[in-house]
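# Observations on chain architecture
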Amino acid sequence: MSQDSQSLQPPPISPIKNFFAGGFGGVCLVFAGHPLDTIKVRLQTQVKPAPGQLPLYSGTFDCFRKTLMKEGLRGLYKGMGAPIVGVTPMFAVCFFGYGLGKKLQQKTPNDVLTYPQLFAAGMLSGVFTTAIMAPGERIKCLLQIQAGTGEIKYAGPIDCAKQLYREAGIRGVYKGTVLTLMRDVPASGMYFMTYEWLKNVLTPEGKSASDLSVPRILFAGGMAGIFNWAVAIPPDVLKSRFQTAPAGKYPNGFRDVLRELIREEGIGSLYKGFTAVMLRAFPANAACFLGFEVAMKFLNWLAPNL
């Protein structure tokens, strides 16, 4: 094999490197995306106004303005402790699961996987992350909405976890796990497949995808985030509602939430917070994949044989 064709070969898949690079990508994602995540949750969970009354927030920009005026910049970063603590290992595990999913499907280290195989590897990463994601999301949603209601029940993420555990044991902490799986498994498949597809599309003829420029990585990562959320929003709306509801409100789980939402607010309510999600998805995931690629380059230089 010539030196040139060897340089075009992607480096062998290393789930361990994926783990560390994914963790760094997760930190980048939280810093870039948390303000719009706060707005998304507040829009998704706001109470239906009484007849003749206006809703608390008329839309994404109104929610952004009111939060900023009432609580300042810190209000937009409310509840960020839980995602930073949860997202770093979660993205580490997510990218590890994806690396493992790819490695398991390769017969030889140089095998190039098809897009359905990449989708399957991404789905495996969604299963891996739910164990960390479900409690982190539950705590995050409860902290984000309590600021909006004005009633302070939880002092912070640790206090929230303690109270949930005291009230309902481990089931209370993991409330909404099935919905988290329903959201993350197909969405993760779409996420990674789209990213790899766009990287290949944006790679100039005769060049390697690992040498892509920063703007192209940002574009591929941002678009992967958009495709991920296009799949994830309906189960995410159900999950936000279910995880922040009082105990016993939905005895049949997500089926009750779905029925209530469609009966009261129509099918369009499944795409509540769409603008906030899409505004956040591009920069947050662009930052995530750029962080991942930069960390990966550093790890390949530091430990080429890991």
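Predicted model only: the values in this text are computed from it and were never measured.

### Focus on the overall build of the protein chain
Along the protein chain, the regular secondary structure elements total 10 helices and zero strands. From first element to last, N terminus to C terminus, the protein chain shows the α and β order α-α-α-α-α-α-α-α-α-α. A compact globule built from 306 residues should have a C-alpha radius of gyration of about 19 Å, and the protein chain, at 20 Å, falls within 12% of that. Counted over contacts in the protein chain with a minimum sequence separation of 6, partners at least 24 positions apart contribute 78%. In the structure as shown, the protein chain presents an accessible area of about 15100 Å², 67% of it carried by carbon and sulfur atoms. Charge-centre separation for the protein chain: the mean point of 32 positive side chains lies 4 Å from the mean point of 19 negative side chains.

### A word on the environment of isoleucine 217
Secondary-structure assignment places isoleucine 217 in helix α8 (residues 214-244). Spatially, the C-alpha atom of isoleucine 217 lies 20 Å from that of alanine 187, the residues being 30 residues apart in sequence. Setting aside residues up to four positions removed in sequence, isoleucine 217 forms contacts with Tyr195, Leu212, Phe289, Leu290 and Glu293.

### A word on the packing of aromatic side chains
Within this structure, the stated rule accounts for 16 aromatic pairs. Measuring from ring centre to ring centre gives 6.4 Å for phenylalanine 19 and phenylalanine 96, while their planes differ by 90°; the resulting arrangement is edge-to-face. In this pair, phenylalanine 19 is assigned in helix α2 (residues 15-45) and phenylalanine 96 in helix α4 (residues 81-105), connecting sequence segments 77 residues apart. Ring centres of phenylalanine 95 and phenylalanine 289 lie 5.7 Å apart, and the angle between their planes is 75°; on these two criteria the pair is classed as edge-to-face. With phenylalanine 95 in helix α4 and phenylalanine 289 in helix α10 (residues 274-302), this pair connects stretches of sequence that are 194 residues apart. Take phenylalanine 95 and phenylalanine 289: they sit in the same class, and that class is buried.

### Section: the packing of helix α7 (residues 177-202) against α10
Where α7 contacts α10, the axes come no closer than 13 Å and their chain directions differ by 70°. Classed by the angle they form, the pair α7 and α10 counts as roughly perpendicular. Where α7 crosses over α10, the two elements pack in a sense that is right-handed. Here α7 contributes Tyr191, Phe192, Tyr195 and Lys199 to the contact with α10, which in turn contributes Asn285, Cys288, Phe289 and Glu293. Within the contact of α7 with α10, the residues separate by chemical class into five nonpolar, one polar and two charged.

### Topic: the side chain of glutamate 293
Tracing the chain through its elements places glutamate 293 in helix α10. At 3.1 Å, the side chain of glutamate 293 forms a polar contact with the side chain of lysine 199. Excluding residues that lie within four positions of it along the chain, glutamate 293 makes contacts with Tyr195, Lys199 and Ile217.

### Remarks on the state of the cysteines
Considering all chains together, one arrives at zero disulfides under this definition. Left unpaired, cysteine 94 is separated from the closest cysteine sulfur, that of cysteine 288, by 7.7 Å. Residue classification places cysteine 94 among the buried residues on the basis of a relative accessible area of 6%. Residue cysteine 288 stays outside any disulfide, its sulfur separated by 7.5 Å from that of cysteine 28, the closest cysteine.

### Here's the deal with helix α6 (residues 157-173)
Between its first and last C-alpha, α6 extends only 12 Å over 17 residues, short of the 24 Å set by a 1.5 Å rise per residue. Within α6, the axis deviates most sharply at glutamate 167, by approximately 110°. Along α6, the positions that sit buried rather than exposed are Cys160, Gln163, Leu164, Gly172 and Val173.

### What about the nonpolar core?
Counting residues in each nonpolar core, the largest one holds 30 residues, and the members touching the most others are Phe91, Phe95, Tyr191, Phe192 and Phe289. Of all the elements in the fold, those that place two or more residues in this core are α2, α4, α5 (115-149), α7, α8 and α10. Looking at this core element by element, the count peaks at seven residues for α10. With sequence-adjacent residues up to four places away left out, phenylalanine 95 is seen in contact with Asn18, Gly22, Phe192, Cys288, Phe289 and Phe292.

Cut-off values and rules
Residue numbers run consecutively from 1 along every chain, following the written order of its sequence. Only residues with pLDDT of 70 or above have their local features reported here, since the model is predicted, and side-chain atom pairs are shown and tallied only from 80 upward, although totals for entire chains, interfaces and linings are computed over all residues. Side-chain metrics rest on all non-hydrogen atoms present in the structure, leaving aside hydrogens and water. Secondary structure elements follow DSSP: runs of H or I no shorter than four residues count as helices, runs of E no shorter than two count as strands, and numbering proceeds from the N terminus. As a reference, a globule follows 2.2 Å times the number of residues to the power 0.38, and the radius of gyration itself is taken over C-alpha atoms. Pairs of residues are marked as contacts when any of their non-hydrogen atoms sit within 4.5 Å. We get accessible surface area from the Shrake-Rupley algorithm with a probe of 1.4 Å; when it comes to residues, only the shown protein chains can shield them. Residues counted as positive are Lys and Arg, residues counted as negative are Asp and Glu, and His and the chain ends are not counted. Charge placement uses NZ in Lys and CZ in Arg. For Asp and Glu, CG and CD serve respectively. In this scheme Phe, Tyr and Trp rings, the latter by its six-membered ring, pair at centre separations within 6.5 Å, and the angle between planes marks the pair as stacked below 30 degrees, edge-to-face above 60, and tilted otherwise. For every residue, the accessible area (1.4 Å probe, protein chains only) is compared with the maximum for its type, and the residue is labelled buried under 20%, exposed over 50%, or partly exposed between those bounds. In this analysis, axes come from line fits to C-alpha atoms, helices being fitted only over the stretch in contact, and the angle between any two N-to-C directions falls in the range 0 to 180 degrees. Comment on the angle field: the value is read as roughly parallel under 35 degrees, roughly antiparallel over 145, roughly perpendicular from 65 to 115, and oblique elsewhere. Handedness of a helix crossing follows the sense of rotation of the near helix relative to the far helix, less than a right angle counterclockwise being left-handed and clockwise being right-handed. Residue polarity follows a fixed list, in which Ala, Val, Leu, Ile, Met, Phe, Trp, Tyr, Cys and Pro are nonpolar, Asp, Glu, Lys and Arg are charged, and the others, Gly among them, are polar. Think of a polar contact as two N or O atoms within 3.5 Å of one another; within protein, one of them needs to be a possible hydrogen donor and the other a possible acceptor, and neighboring residues in sequence only count if both atoms come from side chains. Count a disulfide wherever a pair of cysteine sulfur atoms falls within 2.5 Å. Expected span of a helix, by definition, is 1.5 Å for each gap between consecutive residues, and there is one gap fewer than residues. Bend angle per residue: angle between axes fitted to the 7 residues ending at that residue and the 7 residues starting there. Throughout, nonpolar core names a set of buried Ala, Val, Leu, Ile, Met, Phe, Trp, Tyr and Cys residues whose side chains join them through atoms within 4.5 Å.

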